[in-house]
Structure formats: C-alpha cells, structure tokens
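Chain residues, written in single-letter form:
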Amino acid sequence: MFSRRSFVPPGDNELSALHRRNPGPHLDWSLANPTRVGLERPDFAAILGRGRGPYVPDPRGWRPAREAVADIYRGRGVDLGADDVVLTASTSEAYSYLLTTLCDPGDAIAVPEPSYPLFEHLARLQAVEVVRYRLAYDGAWHLDPESLARIVGPRVRAIFAVSPNNPTGSFLKPDELERLWGFGVPVVVDEVFRPYRWSTFEGPIAEPLARAPVLTCVLDGLSKRIGAPELKLGWIALAGPQEEEALRRLEYVADTFLSVSSPVQRALPELLRAGEPFRALLMERIERNLAALRTATAGSPVTVLHGEGGWYATLRLPAVLDEPAWLEELLRRERLAPHPGWLFDFEQGPSFVVSLILPEAEFADASRRLVACATRRCS
Ligand SMILES: Cc1ncc(COP(=O)(O)O)c(C=O)c1O
C-alpha cells in the first residue's frame, strides 16, 4: 500500500536504543538550535510584523527580497542579480527542488562523506540514489579526487558539496571546485555555514558563482546565516550555462507549492541586516568554545580534528573502546550526549561531533568531563 521511499524502519535505531538504555538528563552536546543557546536575538517577530502587505505569489520570490540576497554575493565581488535567485522555505526545500529539477527517479547524486546525513533522506524522497566521494583526513580535510572519478558516471546528475562541511568544518577550496566542475555535471554547493569562518583559517575559499563553467547552484538561508530556522526562508543562487533553463524549471516547481510566506519575503532585507549582530555573537561564542576545547584537550587522549568553519568540532577518541561503547560510557558516566561519528559515516573512529554554540560554561564543563573520562579509560 505504501511507497518504498516513505519506508521508516520500525523500532529503535542504534542511537535511540543507546539513549533508552541510558536515560537522561544528559547535556545535549549536539545542540544546534540557535534559539535555545541563551544568546539574545533580535525581535524577529516584530520585523516580520513590518512585513505586512498583500500576498506575493511570485514563484521565484518577491523581487526586492531576491535583490537583498543578490547583494550578499555582490558584497563578495560576485556579479549576481535578483534574476539569479530563487527563494525557498528552507535550504532543505531548495535541495528537494533541485533534485526534482535535475534528476529522474533512479538517477544518482554524488555527495561527500563524511557529511550532512540529510542528503540520504532528501534524495530517497525523490527516488534518487546517493553515491559518495571521500573527504580524506591527513591533519586537514581534502577532497579525494580518485574517489570522485570512481563514482561519477552517466547516472550521476549532479555533484553536491557543503562549504564549510557539516560536520568536518572544511571549506571547499578553489582547486577542489575546479575538479568538481571538471566532470561537466551541475554542481551544488551548500554554504549555510559560510559566514562562520574560524579565525584560525586563512586559506582561500571557493567562490562557486564567480566563474561557473557548468551550471552551479549555491544554497543558503536564514537558519544559520542569522540563526533563525523558525523563519523558514532559504534560497538558491545560480550561475553558469543553462541557468535560464534551470530557472524556468525551478520556477515551475516553486509555483506548484508557493511555500515561502509573504511576510518573511517582505521582511527579508531588514531581517538580514538585523541578524548580523546575532551572527557576530554566535561567532564569538564559537571561537571561545574552540579555545576552551583546545585547552582542555591539550596533552590528553582526545584529539580535536582540524576544522576551518561552522558550528561543530570533530573529536577523535582512542580506540580502546569502539564508538558505541564510548557513547555508552559518556551517556552513563558523564551525562554527555555528543553526536556519534557513525551518523556522518566517518572512515575512522571513534569520532564524535560536538556543537560549538552551547553556552560557554556548559561547553567548558563538558570538555573537561570528556577529557577526564578518556584519561581514566586510557590509564
Ligand atoms: C549543511 C546544512 N545544510 C542545510 C541545513 C538545513 O537548513 P534549513 O533549515 O534551511 O533547511 C542544515 C541544518 O542543520 C545543514 O547542516
């Protein structure tokens, strides 16, 4: 009676089983909800209220709002206009619009590994398969070009990248983007964490829309850029050959749903401006938490993997226990609940992903408890 793509396995998965065996309260060290991290946010509801006005049923989005998005890229020296932008209700929705536009059922997309676990689900809902290219770690994360060459074949309709990647925090570099383009299929780059570049990273970052030799789409939105996932607004910015045809098709998909609310579109220029101080607060917190993590783990059995930006840090623990056993220990003895690496398909473990946007005192305490736990286990 039901479709295969809506299948949800019954019962517990490995993570929920572990949590059930080790009931809380735990410190949720994976918390990524910026509305719950104790930082004062602008009164977004009041700004939305000023977005009053008639319904705007433009499938690409209200033009002044698209203009405000284009300004972001122009501010980075990219020649982009309102006509190169399509608004969506979220970045996730932008992904699904692009999958509908680029892929038929049974086609595939190439995505990085380790990376954002939602790829699998977004693709499955569109009856699209995911094939994975490798991000390799040798003290920094790099795209493994051979792994890409192995998987990109006729069924692969687009290559996706996340810059900086969730959770590795690695930016897509200009030479890596050239390699993606070299396959001649559309390239989609998720830049939701791009404004959160860590001060320790000075290297160059790919600018996907500056000179696109193939159809290239950049995804972003309010969820991370101004820490307002509840406002439900994302976008796709496009460049490159066949952009016009892509836009015509995206317009058709968007027109079928018209899912972006008019108040948020009308308020977008002001929301983007008003969100800047909050983003700065988040960034300061991320830098402070990173410093605390590095101090707490120095000379300990816990390694903080190299990162360059974003809201997460990846930790590697000694292989005296496997990942589920480490997680059980952290849940039971330390009341800590980080994200286990298996959610992101890390090649090497045991790995854990922790959120850097937690309040500083909680974060420092969690870091100390983790190090104490690892030290005890290793001694
Ligand atoms: C890499 C990445 N892209 C997109 C999203 C989702 O953004 P949105 O709330 O706009 O769907 C997330 C959410 O965590 C994310 O980590």
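Fair warning: this is a prediction, and the values are worked out from it, not measured in the lab. (Residues numbered from 1 in each chain as written. Predicted model: local features only at pLDDT ≥ 70, side-chain atom pairs only at ≥ 80, totals over all residues.)

1. Considerations on the overall build of the protein
Secondary structure assignment for the protein yields 13 helices and 14 strands. The long-range share in the protein, meaning contacts at least 24 apart out of those at least 6 apart in sequence, stands at 76%. (Helix = DSSP H or I, 4+ residues; strand = E, 2+ residues; numbered from the N terminus. Contact = placed C-beta atoms within 7 Å.)

2. Quick look at the pairing of strand 7 (residues 187–190)
Neither face of strand 7 is left uncovered, since the one carrying Val187 and Val189 and the one carrying Val188 and Asp190 both have all their residues buried. Bridge count between strand 6 (residues 156–162) and strand 7: four bridges; the pairing is parallel. Looking across to strand 7, one finds that Val162 is bridged to Asp190. Between strand 6 and its parallel partner strand 7, the chain crosses via helix 7 (residues 174–181), and the hand of that crossover is right-handed. Looking at chain direction, strand 7 and strand 8 (residues 216–221) are connected through four bridges and run parallel. Note that in strand 8 the partner of Val189 across the bridge is Val218. (Buried ≥ 20, exposed ≤ 12 C-beta atoms within 10 Å, placed from the backbone. Pairing = 2+ DSSP bridges. Right-handed = clockwise from strand over helix to strand, strands pointing away.)

3. Quick word on the site of the ligand
For the ligand, the set of nearby residues contains 13 residues, the closest of which are Ser90, Thr91, Ser92, Gly221 and Ser223. A class-by-class count of the residues in the shell around the ligand yields five nonpolar, seven polar and one charged. (Near = placed C-beta within 6 Å. Nonpolar A, V, L, I, M, F, W, Y, C, P; charged D, E, K, R; others polar.)

4. What to know about the nonpolar core
Ranked by internal contacts, the top residues of the largest apolar core, which has 105 residues, are Leu98, Phe160, Ile236 and Ala237. Of the residues that make up this core, three or more belong to each of domain 1 (10–40 + 277–378) and domain 2 (44–274). Other than its neighbours up to four places away in sequence, Ala237 contacts Val69, Tyr73, Leu80, Asp84, Val85, Leu209 and Val218. (Core = buried A, V, L, I, M, F, W, Y, C linked by C-beta atoms within 7 Å. Domains from an automatic or database assignment.)

5. What to know about the sheet that holds strand 11 (residues 312–316)
Pairing is antiparallel in the open sheet, where four strands are placed in the order 10-11-14-13. Of all strands in the sheet, those bounded by a partner on one side alone are strand 10 (303–304) and strand 13 (339–340). Two strands pair when backbone bridges link them, and strand 10 and strand 11 are joined in this way by two bridges, in the antiparallel orientation. What sits directly across from Thr303, in strand 11, is Arg316.

6. Quick notes on the packing of helix 12 (residues 323–334) against helix 13 (residues 360–378)
Direction vectors running N to C along helix 12 and helix 13 enclose 115 degrees, while the axes themselves pass 11 Å from each other. The hand of the helix 12/helix 13 crossing is right-handed. Facing helix 12, whose interface residues are Glu329, Leu330, Arg333 and Glu334, helix 13 presents Arg369, Leu370 and Cys373. Here the residues of the contact of helix 12 with helix 13 are counted per class, giving three nonpolar, no polar and four charged. (Axes fitted to C-alpha atoms, helices over the stretch in contact; angles between N-to-C directions. Left-handed = near helix turned anticlockwise from the far one by under 90°.)

7. Re the pairing of strand 9 (residues 234–239)
Taking burial as the measure, the six residues of strand 9 include six buried ones, the bulk of the element. Both faces of strand 9 are covered, namely the face carrying Gly234, Ile236 and Leu238 and the face carrying Trp235, Ala237 and Ala239. In this structure, strand 2 (residues 85–88) lies alongside strand 9, joined through four bridges in antiparallel fashion. Counterpart to Thr88 in the pairing with strand 9 is Gly234. One ladder, built from six bridges, connects strand 8 with strand 9; its direction is antiparallel. Paired with Gly221 across the bridge in strand 9 is Gly234.

8. Description of the sheet that holds strand 4 (residues 129–137)
Spatial ordering of the open sheet is given by 2-9-8-7-6-3-4-5, a layout of eight strands whose pairing is mixed. What marks the edges here is a single partner per strand, and that holds for strand 2 and strand 5 (141–143). Within this sheet the neighbouring strands show an average axis-to-axis angle of 25 degrees, counted without direction. Against the sheet, helix 4 (residues 91–102) engages strand 2, strand 6, strand 7, strand 8 and strand 9, with an angle of about 45 degrees to strand 9.

9. A closer look at the domain arrangement of the protein
Structurally, the protein comprises domain 1 (10–40 + 277–378) and domain 2 (44–274). Elements represented by at least two residues in the side of domain 1 that touches domain 2 include exactly helix 11 (276–297) and strand 11.

10. Here's the deal with unusual backbone geometry
Residues other than glycine predominantly adopt negative phi, and peptide bonds predominantly adopt the trans conformation. Here the residue pair Glu113 and Pro114 is connected by a cis peptide bond, since its omega of 5 degrees sits within 30 degrees of zero. Considering the arrangement of structural elements, one finds Pro114 in the loop between strand 3 (108–113) and helix 5 (118–125). Residue Asn166 is joined to Pro167 through a cis peptide bond whose omega torsion reads 15 degrees. Tracing the backbone through its elements, the reader meets Pro167 in the loop between strand 6 and helix 7. Phi at Arg335 takes a positive value of approximately 55 degrees, unusual for a residue other than glycine.

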